[in-house]
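Chains, contacts and geometry: an overview
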Amino acid sequence: MAVGGQQRRPVVVLYERIADAIHDGTYPPGSTLPSEPKLAGELGVSRPALREALLLLQEDGLLSVRRGVGRTVNDHPPRRGFEHIQPLEELIGAGAPLRVRALLRAVEEPTDFTTQHLLAPARAELRFWESLLAGEGAAAALSQEWAAADDVLERAHPDFAEALRSEPAPERTSMLAVLCGASRGMPLGAHSSVTATLLGQRRGEQLGRPADTPAVLVTQVVRVGETPILAAKHMLPTGAPALPVLQSS
């Protein structure tokens, strides 16, 4: 959903309130929303603003309109977008998380990428996980994740470094999933950028696609406060599951 302009803020707030109610089960799949006058009264908003938010929810696949019934919640409403920190395998799994298969689990010195995004000093030891995310019958994405050095992780949260060291099955999970699980409710922030590109030879071989396959490259940096703890590159080729993104002003 693309939203722009200062005047759209009340609609964005309404959109998110109703979307949250759908995802937390207040309005479960298949249920019918209250009528517009009743819902506007419950939410304390004007009907024009509510109507616009409901139209956006329909456009984004959360609601449908059934003649004689009203607005109903779709059976499989899309997950919240990439603005919410969530492991990629869960976010694009369309109700069934993708499988994570380890290609490489290593410790390496900083590269230009990790020096820039993790502020890693020379000769630091950084965990690097490369994983293939697969759905039914096909590879859906290639993820490369780097964690900050252990001393940085330990300052950010006492459980982060230990969780990565002791993860019993790192070949079946992503680094972000481990860190989210260890955060115990600590707020995490992230910045992401999206770039159109081609797979290239090596990534094409890993994903089983031609080198000239169009793809989306998502670069993600996850932080605790101002401290970067994870930097990642996610390559999604043409045909991969959709990556929902909510933009707000």
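For the structure, see preceding data.
We now turn to the structure provided with this report. Just so it is clear, the model here is predicted, and its values are computed rather than measured. (Residues numbered from 1 in each chain as written. Predicted model: local features only at pLDDT ≥ 70, side-chain atom pairs only at ≥ 80, totals over all residues. Heavy atoms only, no water.)

1. Examining helix H2 (residues 36–43)
- Of the residues making up H2, those classed as buried are Glu36, Leu39, Ala40 and Leu43. For H2, the angular spread of the buried residues around the axis is 100°, confining them to a single face. Among the exposed residues of H2, those oriented more than 90 degrees off its buried face are Lys38 and Gly41.
- The positive-phi residue at the C-terminal boundary of H2 is glycine 44, with phi of around 70°. (Buried < 20%, exposed > 50% of the residue type's maximum accessible area, 1.4 Å probe, protein only. Helix = DSSP H or I, 4+ residues; strand = E, 2+ residues; numbered from the N terminus. Arc of directions from axis to C-beta.)

2. Brief notes about the side chain of serine 143
- By the secondary structure assignment, serine 143 is in strand E5 (residues 139–147).
- Engagement of the side chain of serine 143 in a polar contact is seen with the side chain of histidine 234, the distance being 2.7 Å.
- If near-sequence neighbours (up to four positions away) are discounted, serine 143 is found in contact with Leu88, Trp129, Glu130, Ser131, Leu133, Lys233 and His234. (Polar contact = N/O pair within 3.5 Å; in protein donor to acceptor, adjacent residues only side chain to side chain. Contact = heavy atoms within 4.5 Å.)

3. Focus: the sheet that holds strand E6 (residues 189–198)
- Strand order in the open sheet formed by six strands is E3-E4-E5-E8-E7-E6, with antiparallel pairing between adjacent strands. Each end of this open sheet is capped by a strand with a single partner; those strands are strand E3 (99–108) and E6. In this sheet, adjacent strand axes meet at a mean angle of 15° when their direction is disregarded.
- Note: E5 against strand E8 (residues 227–237), six bridges, orientation antiparallel. Across the sheet, leucine 142 pairs through a bridge with methionine 235, a residue of E8. (Pairing = 2+ DSSP bridges. Axes fitted to C-alpha atoms, helices over the stretch in contact; angles between N-to-C directions.)

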